[in-house]
2 protein chains.
Amino acid sequence: MPREIHLVNRPEGVPQPSDFALVRAPDPDPGEGDVVVANLWMSVDPYMRGRMRDAQSYAAPWQLNHVCDGRAVGRVLDSRHPGFAPGDLVRSLFGWREIFAAPGDALEKLDAAYPHAQHYLSALGGTGLTAYIGLLDLCDPQAGETVFVSGAAGAVGSVAGQIARIRGCRVVGSAGSDAKVALLGEEFGFDAGFNYKRDDPMDALADLAPDGVDVYFDNVGGRHLEAALDHMNDFGRICACGSISRYNDAEPAPGPANIFQVVPKRLQMRGFIVTDHLDRLPQFEADVKGWIASGDLRVEETVVDGLESAVEAFLGLFRGENTGKMLVRLASG
Amino acid sequence: MPREIHLVNRPEGVPQPSDFALVRAPDPDPGEGDVVVANLWMSVDPYMRGRMRDAQSYAAPWQLNHVCDGRAVGRVLDSRHPGFAPGDLVRSLFGWREIFAAPGDALEKLDAAYPHAQHYLSALGGTGLTAYIGLLDLCDPQAGETVFVSGAAGAVGSVAGQIARIRGCRVVGSAGSDAKVALLGEEFGFDAGFNYKRDDPMDALADLAPDGVDVYFDNVGGRHLEAALDHMNDFGRICACGSISRYNDAEPAPGPANIFQVVPKRLQMRGFIVTDHLDRLPQFEADVKGWIASGDLRVEETVVDGLESAVEAFLGLFRGENTGKMLVRLASG
């Protein structure tokens, strides 16, 4: 019998392994129009912290004592749908499980010839699209402008910063360890970086962005947002993508005391959810595949093996244990 | 000799009358190309609090022991410029003084036939244009949407709320006294209002905007912004116009603890300075004159007389002593 992971408790504050359970699922029982899929890869993402809460938001809450869900890439084992055949590579929202049956209409067929299936969950997946939309569509960075990316060694930040570099911007990033900061320069081609666990972002930006910040891609919120507001240039653009520093707060922390800077500096701050922008997928995929092929975009991934490691992989996101995209490999091939 | 007002001290916190001095100025001594103007009306505005600080911002700091400046409407007394003749009505940045000489190129000739010259400093002036740009250009409210305006009985808020009503929106406003709240409904045609000195904006919006807020026109900041963020609908737009609750703070107050709402709700928050939008003046003036003529837009003004009253009029803005635009009448005609 295949295995799957259930949510069994809604935590306050930092989630624990005991909030989840690894359980046996029944063997798939496909009906007409269904496809049976063996997952190869599944995604764990910070936004899933919100799905542990029993509150309506853009993503529905996970149900207690039911299987979790999220994006996954798998291989078709069996098909009762004319659009799919065994061996097809598909992307679905049926993560956190090893094998499943689902209507073919809920699956997205991928290019099986592409050599890195897991990229469809990283640079070619939701986090890559998030970086692409947030940076290009919301902030429209121009060559020569300074772009600041927080959480820059993460799944979204590493792609956002590299796209900014490809656009001809000067790129400054923050990350949570010296090793990650080194990666920003050596691997991703950022112009400057700092370790926000050692240096206050306010001071670091004064040093590293002496001409100010034109675009801020915010993955972190909190003190990072406050520092960015103080260093933004007139007519700067902020894309509010995430706020990982806050996701586990039981009580809200004070917001940026300098939020009023948006007025004299004529700033624009926009929040977005990537699933509103799926019409951009074809152009996004063409651009990103081109940048990967040319070597302009490096795809960084942290891989753990086995569904039994998925919970620790997810919890590790909040301890900064990933560089690039955190992925769980469920099977080979 | 005419009189003018000088800044003589830069205060911390709430400004005092002693920060200003009323002094005699030399009689104007016009050169070639200059125009001599007797001011009829001058504007006092909250943004001028920022000009009392010795810090670069979008408006230059007032210089210590020099005459203050700001928008004024006056009548030409004498002209050495071919574009102006005695009797012309002009708008300038030479407020806080009774009579001045200035290059004609620094003056804007107004329609002398328009019967309410002071409107060129209120609904047809900077505050009216601020309301027009912030509401229409930045937030694009649609008929049937709910628009929340804070400081709604003020110069900007009263116009913004009325334009929203003209656009077919449901309009909720906050003001600082029961009398002002009554005015919102009776004079300006708002659908609902509350006294923020008695009712917490968070509770008031829950009552008065049960279907949420689509557009928030922020004149106040602070708790108002926090309440709006909690009540915004998905894809809501916030125009950040001012933050009068904060202008006299010596130390910054905490920002909105719920700023992260911009992400799941896909909010857009934009700050703006009206002088970036002067290309919109012709359409603005045509629209507003039309709305005034049809009776759709009521122009509310609080008038004090004499340059010797200007400082108290300015300080009164921070005590909420105005309804609509605070104006100082310097002369009749």
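Before reading further, recall that the structure is shown in the block above.
Just so it is clear, the structure is predicted and the values come from calculations on it, not from any experiment.

Thresholds, definitions, all that
Residues numbered from 1 in each chain as written. Chains lettered and ligands numbered in written order. Predicted model: local features only at pLDDT ≥ 70, side-chain atom pairs only at ≥ 80, totals over all residues. Heavy atoms only, no water. Helix = DSSP H or I, 4+ residues; strand = E, 2+ residues; numbered from the N terminus. Contact = heavy atoms within 4.5 Å. Areas by Shrake-Rupley, 256 points an atom, 1.4 Å probe, with all protein chains shown as cover. Pairing = 2+ DSSP bridges. Least-squares fit on C-alpha atoms with pLDDT ≥ 70 in both. Buried area = accessible area lost by both parts, 1.4 Å probe. Salt bridge = Lys/Arg side-chain N within 4 Å of Asp/Glu carboxyl O. Polar contact = N/O pair within 3.5 Å; in protein donor to acceptor, adjacent residues only side chain to side chain. Nonpolar A, V, L, I, M, F, W, Y, C, P; charged D, E, K, R; others polar. Expected span 1.5 Å × (residues − 1). Buried < 20%, exposed > 50% of the residue type's maximum accessible area, 1.4 Å probe, protein only. Arc of directions from axis to C-beta. Phe/Tyr/Trp six-rings, centres within 6.5 Å; stacked < 30°, edge-to-face > 60°. Axes fitted to C-alpha atoms, helices over the stretch in contact; angles between N-to-C directions. Parallel < 35°, antiparallel > 145°, perpendicular 65-115°, else oblique. Left-handed = near helix turned anticlockwise from the far one by under 90°.

Trainee: Please clarify how the overall build of chain A should be interpreted in this entry.
Mentor: Helix and strand content of chain A: 8 helices and 15 strands. Structurally, chain A occupies a C-alpha span of about 60 × 45 × 35 Å along its principal axes. Excluding contacts between residues fewer than 6 apart, the proportion of contacts in chain A whose partners are at least 24 apart in sequence is 68%. Summed over all atoms, the accessible surface of chain A reaches about 12900 Å², with 49% contributed by carbon and sulfur.

Trainee: What is the right way to read the pairing of strand 4 (residues 72–79) of chain A from this model?
Mentor: Note on strand geometry: in a regular strand, side chains alternate between the two faces of the sheet. Residues and elements named next belong to chain A. In this sheet, strand 4 lies alongside strand 3 (residues 34–43) in antiparallel orientation, the contact comprising 7 bridges. Each bridged residue has a counterpart across the sheet, and for A38 the counterpart in strand 4 is R75. Here strand 4 pairs with strand 5 (residues 89–92) via 4 bridges, running antiparallel. Residue A72 lies in a different strand from strand 5, and its bridge partner there is S92.

Trainee: Honestly, the relation of the copies chain B and chain A in this entry has me stumped. Any pointers?
Mentor: For the match of chain B to chain A, the screw axis carries a shift of 0.0 Å, the RMSD comes to 0.0 Å, and the turn is 180 degrees. What we have between these two chains is a two-fold relation. Nearest to the rotation axis, the C-alpha of G255(B) is located 2.0 Å from it, this being the minimum over chain B. Most of the interface of chain B is mirrored in chain A: 100% of its interface residues are interface residues there too.

Trainee: Please clarify how the interface of chain B and chain A should be interpreted in this entry.
Mentor: The figure often quoted for interface size is the accessible area lost as the parts come together. Counting residues at the interface gives 29 residues for chain B, matched by 29 residues for chain A. Here chain B packs against chain A, burying approximately 2200 Å² in sum over the two surfaces, 67% of which is carbon and sulfur. On the chain B side of the interface with chain A, the three residues burying the most area are V263(B), R266(B) and M269(B), jointly 23% of the side's total. Between chain B and chain A we count 2 salt bridges in total. There are 6 residue pairs in polar contact (both at pLDDT 80 or more) connecting chain B and chain A. Contributions of two or more residues to the side of chain B that touches chain A are made by strand 12 (232–240) and strand 13 (268–271) of chain B. Take the side of chain B that touches chain A: its biggest share by element is 4 residues, from strand 13 of chain B. The class makeup of the residues in the side of chain B that touches chain A is 20 nonpolar, 6 polar and 3 charged.

Trainee: So what exactly am I meant to see when it comes to helix 7 (residues 281–294) of chain B here?
Mentor: For an α-helix, 3.6 residues make a turn, and residues three or four places apart therefore share a direction. Residues and elements named next belong to chain B. Given a rise of 1.5 Å per residue, 14 residues ought to cover 20 Å, and the 20 Å separating the end C-alpha atoms of helix 7 matches this to within 8%. Turning to helix 7, its buried residues are F284, V288, W291 and I292. Mapping the buried residues of helix 7 onto a view down its axis gives an arc of 100 degrees, with all of them on the same face. For helix 7, the exposed residues set more than 90 degrees away from the buried face come down to P282 and A293. Where the residues of helix 7 are buried, they touch helix 2 (126–139) and helix 3 (155–166). Looking at the residues trailing helix 7, positive phi occurs at G295, about 85 degrees.

Trainee: How do you make sense of the packing of aromatic side chains when you look at a structure like this?
Mentor: Aromatic rings in a pair are described by how distant their centres are and how their planes are angled relative to each other. Residues and elements named next belong to chain A. Taken as a whole and assessed by the stated rule, the structure comprises 28 aromatic pairs over all chains. Where W96 meets F314, the ring centres are 6.0 Å apart and the plane angle is 80 degrees; that geometry is what we call edge-to-face. Of this pair, W96 sits in the loop between strand 5 and strand 6 (99–103) while F314 sits in helix 8 (residues 310–317), and the two are 218 residues apart along the sequence. On the accessibility criterion, W96 (0% relative accessible area) is buried.

Trainee: Help me understand the environment of N233(B), please; the structure alone is not making it clear to me.
Mentor: Residues and elements named next belong to chain B. Here N233 lies in strand 12. Remark: the alpha-carbon pair of N233 and D211, spanning 22 residues in sequence, is separated by 8.1 Å. In this view, N233 contacts D211, G212, V213, D214, K265 and L267; residues no more than four positions away in its chain are not counted.

Trainee: Honestly, the side chain of T302(A) in this entry has me stumped. Any pointers?
Mentor: All names here are of chain A. In this fold, T302 is placed in strand 14 (residues 301–305). Take T302: its relative accessible area is 17%, and that puts it in the buried class. A distance of 2.7 Å separates a polar atom in the side chain of T302 from the backbone oxygen of T323.

Trainee: Before we go on, may I ask you to explain the packing of helix 2 of chain B against helix 3 of chain B in this structure?
Mentor: A pair of packed helices can be characterised by two numbers: the angle between their axes and the separation between those axes. Residue and element names in this part refer to chain B. Contact geometry of helix 2 with helix 3 gives a least axis separation of 8 Å together with a crossing angle of 45 degrees. Relative to helix 3, helix 2 is oriented oblique. Regarding helix 2 and helix 3, the two cross each other, and that crossing is right-handed. Contacts between helix 2 and helix 3 involve T127, G128, T130, A131, Y132, L135 and L136 from the first element and A155, V156, V159, A160, I163 and A164 from the second.

Trainee: Where do I start with the packing of helix 5 (residues 201–208) of chain A against helix 6 (residues 223–231) of chain A in this structure?
Mentor: Residue and element names in this part refer to chain A. Where helix 5 contacts helix 6, the axes come no closer than 8 Å and their chain directions differ by 40 degrees. Between helix 5 and helix 6 lies a crossing whose hand is right-handed. Packed against helix 5, whose contacting residues are P201, M202, L205 and A206, the element helix 6 presents R223, H224, E226, A227, A228, D230 and H231 at the interface. When its residues are assigned to classes, the contact of helix 5 with helix 6 shows 6 nonpolar, 2 polar and 3 charged.

Trainee: What's the story with the sheet that holds strand 8 (residues 146–149) of chain B in this structure? I'm lost.
Mentor: The strands making up a sheet are joined through hydrogen bonds of the backbone, oriented either antiparallel or parallel. The mixed open sheet is built from 12 strands, whose spatial order is 10(A)-9(A)-8(A)-11(A)-12(A)-13(A)-13(B)-12(B)-11(B)-8(B)-9(B)-10(B). Two strands bound the open sheet, and with one partner strand each, they are strand 10 (192–195) of chain A together with strand 10 (192–195) of chain B. Adjacent strand axes in the sheet meet at a mean angle of 15 degrees, parallel and antiparallel pairs treated alike. One ladder, built from 4 bridges, connects strand 9 (residues 170–175) of chain B with strand 10 of chain B; its direction is parallel. Opposite S174(B), over in strand 10 of chain B, you have F194(B) as the bridge partner.

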